[in-house]
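So you can see what is in the structure, the chains are spelled out below.
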Amino acid sequence: MKQYLDLCHRIIDEGTWIENERTGKRCLTVINADLVYNVADNEFPLITTRKSFWKSAIAEMLGYIRGYDNAADFRKLGAKTWDANANENQAWLNNPHRKGEDDMGRVYGVQGRAWSKPDGGSVDQLRKIVDNLKNGVDDRGEILSFYNPGEFHMGCLRPCMHTHNFSMLGDTLYLNSFQRSCDVPLGLNFNQVQVFALLAIVAQITGKKAGMAYHKIVNAHIYEDQLELMRDVQLKREPFSPASLTINPDIKSLEDLETWVTMDDFEVSGYQHHDAIKYPFSV
Ligand SMILES: Nc1nc(=O)c2c([nH]1)NC[C@@H]1CN(c3ccc(C(=O)N[C@@H](CCC(=O)O)C(=O)O)cc3)CN21
Ligand SMILES: O=c1ccn([C@H]2C[C@H](O)[C@@H](COP(=O)(O)O)O2)c(=O)[nH]1
């Protein structure tokens, strides 16, 4: 929690105003932030200075794991977070690659599970990582990358958290996650949960101990219409002690995640939080 609050204060104290062409808004921006989550000790990085909708965040991550390309599938899991990018962004609505209502195109999980090969067929990056780790192999290239510039024109948004690099020391699994762009009031509240949960889940299905997760953010920003709520409301509140996450131990494989797992298989205990804050969302 402290590292999140420190980043918010840093943006407000030292940030530079940058015009963003895509959204038509100004963002108070800093470059480079390094967040660390202790998954080994289950120090779940859930924001307490406002109500955090952690189930949506984990549902989003599960949708990426499943390779979803449709906002309706995310909704069925419990995340409405892709509705606006799939259906309200004019550039995407005009894009000939859009396959209709709710289509997100070739983003995130599509790249993670079915990266198109120029000579035909596709690469399932996550399957390879899980198989290797389960067999005790870390080839120093256990990388799940959603960032495919050759297909940006076929998706509604370029991935923000674009790369997850797993590694092993003995039987302890680590994760380094890279994010190019971060909406700190809205997105980071989710992304922290997702990096933590991704390491916890992958460790569980590969039979490893979870270690630390390292989260690198390049451009961290607060949109101009979010600033007042962050500075004058959220940052005036005292944080509560952290919550912890429990994952159903019956989840044992990638197939389990692909087939029967729902948000009922995740539980958070000891979550004390301040009231929700409705931050404006920029499409
Ligand atoms: N401008 C912007 N910020 C983002 O954080 C973001 C995007 N765009 N586009 C792609 C995804 C979608 N994400 C989202 C989208 C919506 C919420 C959101 O509305 N959160 C509310 C309510 C959540 C709920 O009810 O489930 C929140 O209070 O956290 C959060 C992250 C993160 N990403
Ligand atoms: O997981 C996510 C996804 C998106 N965001 C934010 C970061 C930016 O504010 C927008 C994306 O806009 P770009 O112009 O493509 O950078 O969405 C996030 O924080 N976390």
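Residues numbered from 1 in each chain as written. Chains lettered and ligands numbered in written order. Predicted model: local features only at pLDDT ≥ 70, side-chain atom pairs only at ≥ 80, totals over all residues. Heavy atoms only, no water.

**Some words on the sheet that holds strand β8 (residues 209-223)**
The six strands lie next to each other as β1-β2-β8-β7-β6-β5, forming an open sheet whose pairing is mixed. Two strands bound the open sheet, and with one partner strand each, they are β1 (16-20) and β5 (142-145). When strand polarity is set aside, the average angle formed by the axes of neighbouring strands in this sheet is 25°. Direction of pairing for strand β7 (residues 172-183) relative to β8: parallel, over a ladder of 10 bridges. Each residue of the ladder has a partner; that of S181, found in β8, is N219. (Pairing = 2+ DSSP bridges. Helix = DSSP H or I, 4+ residues; strand = E, 2+ residues; numbered from the N terminus. Axes fitted to C-alpha atoms, helices over the stretch in contact; angles between N-to-C directions.)

**Regarding the UniProt feature "binding site: dUMP" (unreviewed entry) in the protein chain**
If you check UniProt for "binding site: dUMP" (unreviewed entry), the listed places come out as R22, R180, S181, C182, D183, N191, H221, I222 and Y223 in our numbering. One can find S181 in strand β7. S181 gets classed as buried once you look at its relative accessible area, which sits at 18%. The residues contacting S181, other than those within four sequence positions of it, are C160, N219 and H221. Checked against the element boundaries, D183 lands in strand β7. Discounting residues that sit within four places of it in the chain, D183 has contacts with L188, H221, Y223 and Q226. (UniProt positions renumbered as here; feature names shortened; annotations may be inferred. Buried < 20%, exposed > 50% of the residue type's maximum accessible area, 1.4 Å probe, protein only. Contact = heavy atoms within 4.5 Å.)

**Considerations on the packing of helix α2 (residues 54-66) against helix α8 (residues 184-206)**
Across the interface, α2 lies against α8 with an axial gap of 9 Å and an inter-helix angle of 55°. Considering their axes alone, α2 and α8 lie oblique with respect to each other. Where α2 crosses over α8, the handedness of that crossing is right-handed. Residues W54, S56, A57, I58, E60, M61 and I65 of α2 lie in contact with α8, whose contacting residues are F190, V193, Q194, A197 and L198. By residue class, the composition of the contact of α2 with α8 is nine nonpolar, two polar and one charged. (Parallel < 35°, antiparallel > 145°, perpendicular 65-115°, else oblique. Left-handed = near helix turned anticlockwise from the far one by under 90°. Nonpolar A, V, L, I, M, F, W, Y, C, P; charged D, E, K, R; others polar.)

**What to know about the pattern of salt bridges**
Under the defined criterion, the tally for this structure stands at 19 salt bridges. In this structure, D83 engages R75 in a salt bridge whose closest nitrogen and oxygen atoms are separated by 2.9 Å. For E142, the salt bridge goes to K128, with nearest N and O atoms at 2.9 Å. Of the two residues, E142 is situated in strand β5 and K128 in helix α7 (residues 125-134); the sequence distance between them amounts to 14 residues. On the accessibility criterion, E142 (0% relative accessible area) is buried. (Salt bridge = Lys/Arg side-chain N within 4 Å of Asp/Glu carboxyl O.)

**Quick notes on the pairing of β7**
The element β7 is largely enclosed, with a buried count of nine among its 12 residues. By the bridge criterion, eight bridges tie strand β6 (residues 161-169) to β7 in an arrangement that is antiparallel. By the bridge assignment for β7, H164 is matched with S177. As for the winding sense of the linkage, the β-α-β connection from β7 through α8 to β8 is right-handed. (Right-handed = clockwise from strand over helix to strand, strands pointing away.)

**Considerations on the site of ligand 1**
Around ligand 1, a shell composed of 17 residues is seen, among which R50, S56, N85, D183 and S282 lie nearest. Residue S56 places a side-chain N or O atom 2.7 Å away from an oxygen atom belonging to ligand 1. In this structure, a nitrogen atom belonging to ligand 1 sits 2.9 Å away from a main-chain N or O atom of S282. Here ligand 1, which alone exposes 650 Å², has 83% of that area covered by the protein. Elements represented by at least two residues in the shell around ligand 1 include exactly α2 and α8. (Near = heavy atom within 4 Å. Polar contact = N/O pair within 3.5 Å; in protein donor to acceptor, adjacent residues only side chain to side chain. Areas by Shrake-Rupley, 256 points an atom, 1.4 Å probe, with all protein chains shown as cover.)

**Details of empty space enclosed by the protein**
Taken as a whole and assessed by the stated rule, the structure comprises two cavities of 30 Å³ or more. Taken together, R106, V107, Y108, Q111, F146, N148, E151, F152, G155, L157, R158 and P159 form the lining of the largest cavity. Residue composition of the lining of the largest cavity, grouped by class: six nonpolar, three polar and three charged. As for the second largest cavity, its lining consists of M61, Y64, I65, G109, G112, R113, L126, L144, F146, H164 and L198. At the level of secondary structure, the elements contributing two or more residues to the lining of the second largest cavity comprise α2 and α6 (108-113). (1 Å grid on protein atoms, 1.4 Å probe; cavity = no way out; pocket = protein on both sides within 12 Å on 5 of 7 lines; lining within 4 Å. Points joined across faces, edges and corners; volume = space filled by probe spheres on them.)

**Digging into the UniProt feature "domain: Thymidylate synthase/dCMP hydroxymethylase" (unreviewed entry) in the protein chain**
Mapped onto the present numbering, the UniProt feature "domain: Thymidylate synthase/dCMP hydroxymethylase" (unreviewed entry) falls on residues 2-283. Across residues 2-283, the secondary structure splits into 33% helix and 25% strand, with the terminal C-alpha atoms separated by 29 Å.

**Observations concerning the layout of surface pockets**
Each pocket or cavity is described by its volume, and for the second largest pocket that value is around 180 Å³. Around the second largest pocket, the lining residues are M1, Q3, V36, Y37, N38, E43, F44, P45, L46, T48, F240 and P242. Looking at the lining of the second largest pocket element by element, the count peaks at three residues for strand β2 (residues 25-38). Looking at the lining of the second largest pocket, its residues break down into eight nonpolar, three polar and one charged.

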